[in-house]
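Coordinate analysis (summary)
The residues making up each chain are set out below.
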Amino acid sequence: MKKAKSWIMIVLLSAVSGFFAGCVTDTASLKVEKTLPQEKLAYYNDTFDKLRTDLWEKAGYTYNEAQKSNFKLGKMRVQDGKLWVQTETGCFSKGGLGSKYGLKGDFDIQVDCQINFLDGEHNMDQILTFLVIERGKAIMTGDVVFLRLSREGVNASGELVSAARTNGRYHPGNSRDIENFDGTLRIVRKGSQISTLYKTKGDKEWKLLNSFRSTSNDLEFGLLLQNFSYKRTIITANAPITARFDNFRINAAEEIIEGDI
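The sections below set out a description of the structure shown in this document. Worth saying up front: this structure is predicted, and the values here are computed from it rather than measured.

Ile109, Leu149, Leu185, Phe245, Phe248 and Ile250 are the most contacted members of the largest nonpolar core, which totals 48 residues. Beyond its immediate sequence surroundings of up to four residues, Ile109 is in contact with Leu103, Phe130, Val132, Leu185, Arg186, Ile187, Phe221, Phe248, Arg249 and Ile250.

What follows covers the environment of Arg165. For Arg165, the position within the fold is in strand β9 (residues 158-166). Owing to a relative accessible area of 1%, Arg165 belongs among the buried residues under this scheme. Each C-alpha atom, one on Arg165 and one on Val145, is 6.6 Å from the other, the two residues being 20 residues apart in sequence. For Arg165, the side chain forms a polar contact with the main-chain oxygen of Gly142, separated by 2.6 Å.

The subject of this paragraph is the packing of aromatic side chains. Within this structure, the stated rule accounts for nine aromatic pairs. Here the aromatic rings of Trp56 and Phe248 are separated by 5.4 Å at their centres, their planes lie at 80 degrees, and the arrangement is edge-to-face. Of this pair, Trp56 sits in strand β1 (residues 56-58) while Phe248 sits in strand β15 (residues 242-257), and the two are 192 residues apart along the sequence. You can call Phe248 buried: its relative accessible area is 1%. A ring pair is formed by Phe71 and Phe228, whose centres lie 6.4 Å apart and whose planes are at 90 degrees; its orientation type is edge-to-face. Here Phe71, found in strand β2 (residues 71-73), pairs with Phe228, found in the loop between β14 (219-226) and β15; they are 157 residues apart in sequence, far enough to count as distant. Under the relative-accessibility criterion, Phe71 is labelled partly exposed at 27%. Ring-pair connections join several aromatic residues into one group, and the members of that group are Tyr43, Tyr44, Phe48, Trp56, Tyr101, Phe221 and Phe248. Against the face of Tyr43 rests Arg52, its NZ or CZ located 4.8 Å from the ring centre. The ring of Trp206 carries the charged tip of Arg186 above its face, separated from the ring centre by 4.9 Å.

What follows covers the pattern of salt bridges. Summed over all chains, the structure comprises 10 salt bridges. Note that Arg148 and Glu152 form a salt bridge whose closest N and O atoms lie 3.9 Å from each other. For Glu152, a relative accessible area of 24% translates into the label partly exposed. We note a salt bridge from Asp203 to Lys207, for which the minimum N-O separation is 3.2 Å. When salt bridges with common partners are traced through the structure, they connect Arg148, Glu152 and Glu159 into a single cluster.

Parameters at a glance
Residues numbered from 1 in each chain as written. Predicted model: local features only at pLDDT ≥ 70, side-chain atom pairs only at ≥ 80, totals over all residues. Heavy atoms only, no water. Core = buried A, V, L, I, M, F, W, Y, C linked by side-chain atoms within 4.5 Å. Buried < 20%, exposed > 50% of the residue type's maximum accessible area, 1.4 Å probe, protein only. Contact = heavy atoms within 4.5 Å. Helix = DSSP H or I, 4+ residues; strand = E, 2+ residues; numbered from the N terminus. Polar contact = N/O pair within 3.5 Å; in protein donor to acceptor, adjacent residues only side chain to side chain. Phe/Tyr/Trp six-rings, centres within 6.5 Å; stacked < 30°, edge-to-face > 60°. Lys NZ or Arg CZ within 6 Å of the ring centre and 35° of its normal. Salt bridge = Lys/Arg side-chain N within 4 Å of Asp/Glu carboxyl O.

Shown next, in the form of structure tokens:
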């Protein structure tokens, strides 16, 4: 069967703080017990020493006609053992990677990332996202959970936020004010609950943002950087924004689903 969607068309949600469903205070309770052995999962871990086209495909998407008419895919390169993503100037720009495979059942995934927000840039946004999205669903119909590092507009402060869309409804979650970010983002599913966690470089303990009731269907995931929010229709983007990703890891996964849907 032809694949129902491509990562070139994945929607990056832009909900902000508010409702969240449940909050786990003991992160040890998030440990995934039902998992493939580490020797099988090791193939899917990525240190980004090279761009692995067997695992990833390029990702990008615009939300309206104004963005589509002036859009360029962001640049990507592997440098110093990290994946560097950089937006283009003078236009709406997004770049990143989407997985070529899916995750069934319980899972625990994480990725290191770093972004330094630019000061004084008018008419652009700065958004880095790590997300999971329901596999095989048409655009805007699948469930999504994400962690987002963002600074929107010139006067905004940086924030780390998680949010979800389930059964067509948006569920904004908790947020944390940040200056810049150098650390690790993590998403864990147990049953129909998906939890979002983070820790900054040097921290030993994970901090939980939210736990959302979500789908138990197969999910894909992606890493994205963009210079616009879903509602923006005018952009200057005098400077590029840059993010670095490293050490993508599947800590646990009940089953991995290969191939097209």
